[in-house]
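A look at the structure
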Amino acid sequence: MKRLISRLWGWLKALSIRAKVLIAVVLAALLGVLIWLVFFWFAFQTYFIDDKVDEAGPVFESGAVAGTPAVEPAAPDPTAGDPGTSAAEATAAAPEATTAATETTAPAPDTDAPETDTTAPAPATGPMPGDELSEDLIAEMDEAMEELGMPEEQPVEETMPPMPQIRVEASGEFISRSHPTQGQVEVLGDGTGQRFLRFEDFRTDNGPDLNVYLSAAPPDAPVGQFTDVYVDLGDLKGNVGSQNYEIPRNLDLDLYSTVVIWCVRFSVIFGAAELVPS
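Residues numbered from 1 in each chain as written. Predicted model: local features only at pLDDT ≥ 70, side-chain atom pairs only at ≥ 80, totals over all residues. Heavy atoms only, no water.

This brings us to the packing of aromatic side chains. Enumeration over the complete set of coordinates arrives at seven aromatic pairs. Here Phe-174 and Phe-199 contribute two aromatic rings whose centre-to-centre distance is 5.1 Å and whose plane-to-plane angle is 80°, an arrangement assigned as edge-to-face. Placement of Phe-174 in strand β1 (residues 167–176) and of Phe-199 in strand β3 (residues 195–204) is noted, with a sequence separation of 25 residues between them. Centroid distance Tyr-213 to Trp-262: 6.1 Å. Interplanar angle 20°. Geometry classified as stacked. (Phe/Tyr/Trp six-rings, centres within 6.5 Å; stacked < 30°, edge-to-face > 60°. Helix = DSSP H or I, 4+ residues; strand = E, 2+ residues; numbered from the N terminus.)

Attention now moves to the pattern of salt bridges. Scanning all chains against the criterion turns up five salt bridges. The partner of Arg-198 in a salt bridge is Glu-200, with the nearest N and O atoms 2.6 Å apart. Arg-198 sits in the buried class, given a relative accessible area of 8%. Residue Glu-200 is classed as partly exposed on the basis of its relative accessible area of 27%. (Salt bridge = Lys/Arg side-chain N within 4 Å of Asp/Glu carboxyl O. Buried < 20%, exposed > 50% of the residue type's maximum accessible area, 1.4 Å probe, protein only.)

Right, let's get into the environment of Gly-57. Residue position: Gly-57 is located in the loop between α2 (17–41) and α3 (87–93). A sequence separation of 187 residues divides Gly-57 from Asn-244, and the C-alpha atoms of the two residues are 7.4 Å apart. With sequence-adjacent residues up to four places away left out, Gly-57 is seen in contact with Val-65, Ala-66, Arg-198 and Asn-244. (Contact = heavy atoms within 4.5 Å.)

Looking now at the nonpolar core. Residues Leu-197, Phe-199, Val-212, Leu-214 and Val-259 are the most contacted members of the largest nonpolar core, which totals 24 residues. Counting residues in each nonpolar core, the second largest holds eight residues, with Ala-217, Val-260, Trp-262 and Ala-272 among its members. (Core = buried A, V, L, I, M, F, W, Y, C linked by side-chain atoms within 4.5 Å.)

Before going further, it helps to spend a moment on the pairing of strand β8 (residues 268–274). Judged by how many residues are buried, β8 sits mostly within the fold: five of seven residues are covered. Here three bridges tie β1 to β8, and the two strands are oriented antiparallel to one another. The partner of Ser-176 across the bridge, within β8, is Gly-271. Bridge count for strand β7 (residues 258–263) against β8 is six bridges, and the pairing is antiparallel. Looking at the pairing, Val-260 lines up with Ala-272 of β8. Between β7 and the antiparallel strand that follows it, β8, lie four residues; Ser-267 among them carries a positive phi value of about 55°. (Pairing = 2+ DSSP bridges.)

On to the side chain of Thr-258. By secondary structure assignment, the location of Thr-258 is in strand β7. Thr-258 gets classed as buried once you look at its relative accessible area, which sits at 0%. Among the polar contacts made by the side chain of Thr-258, one reaches the main-chain carbonyl oxygen of Ala-217 at a distance of 2.6 Å. For Thr-258, the residues in contact, after removing those within four places along its chain, are Tyr-213, Leu-214, Ser-215, Ala-217, Pro-218, Pro-219, Phe-226, Ala-272 and Ala-273. (Polar contact = N/O pair within 3.5 Å; in protein donor to acceptor, adjacent residues only side chain to side chain.)

This part takes up a negative patch on the surface. A cluster of acidic residues, Glu-135, Asp-136, Glu-140, Asp-142, Glu-143, Glu-146, Glu-147, Glu-152 and Glu-153, forms a negative patch at the surface. Counting through the fold element by element, Glu-140 comes out in helix α5 (residues 135–148). (Patch = residues over 30% accessible without salt bridge, like charges linked within 9 Å, V, L, I, M, F, W, Y side chains within 5 Å. Areas by Shrake-Rupley, 256 points an atom, 1.4 Å probe, with all protein chains shown as cover. Lys, Arg positive; Asp, Glu negative; His and termini not counted. Charge placed at Lys NZ, Arg CZ, Asp CG, Glu CD.)

This part takes up unusual backbone geometry. In this model, Asn-250 sits at a positive phi of 65°, which is unusual for a non-glycine residue. Summarising the element assignment, Asn-250 is placed in the loop between β6 (243–247) and β7. Asn-250 sits in the exposed class, given a relative accessible area of 78%. Here the phi dihedral of Ser-267 falls at roughly 55°; this positive angle occurs in a residue that is not glycine. What makes Ser-267 partly exposed here is its relative accessible area of 42%.

Pasting the structure below:
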């Protein structure tokens, strides 16, 4: 061994400066390629570092939020009376209270004030200039309402439109394939056609170029079958934790029924879960 090293050393000493520089450049290039392969292509460091995420429930375009209880209509205020009752009916229903209020609030007549004609309506004035209504216009409006048979009050009592309800349309459990993988997956929908894939208690090994696929192959199929018919939902957001992925509208989950954690760079499946309709 010593003889071999001494021969190499003698051979290097015999080389010209240009040859030595060329050898140094080649060795540096090889070292750079090796570093790139280790840290960028194979990305060995990712296997020892977890990318943790903790996303809340998805927010739907309808305004529904997963994990938020449905908003119930507010209970009617018993002190406010029936909202479908007009003011006149409410007054008639409580004549004593109305009379008492009138007696306590009505000002005493001023005997010294000049007499005025109380039969003609006073011009209506609005809060802004130009909102005033003349007596003639008020009379015309009253006449038009009378011709159309319109009541002075037309009570309306509409109920609050129902909020979209989020339900679990399908669910499954992850199984390990090439790497240990565990957790639950659910398909959440609000009835409008928008759906999300949600991971709960999810964990798998980290790695380069991990994506989330929906595949037509069953979870125990050979690796090569998972990319025959599939849809890519995007990069895996983290190898640990809860996360959401929107599912394309009108995608047939009876066909694309397997969730796959797929390594694009090396065509390796880390884990899979079969979606079972709820």
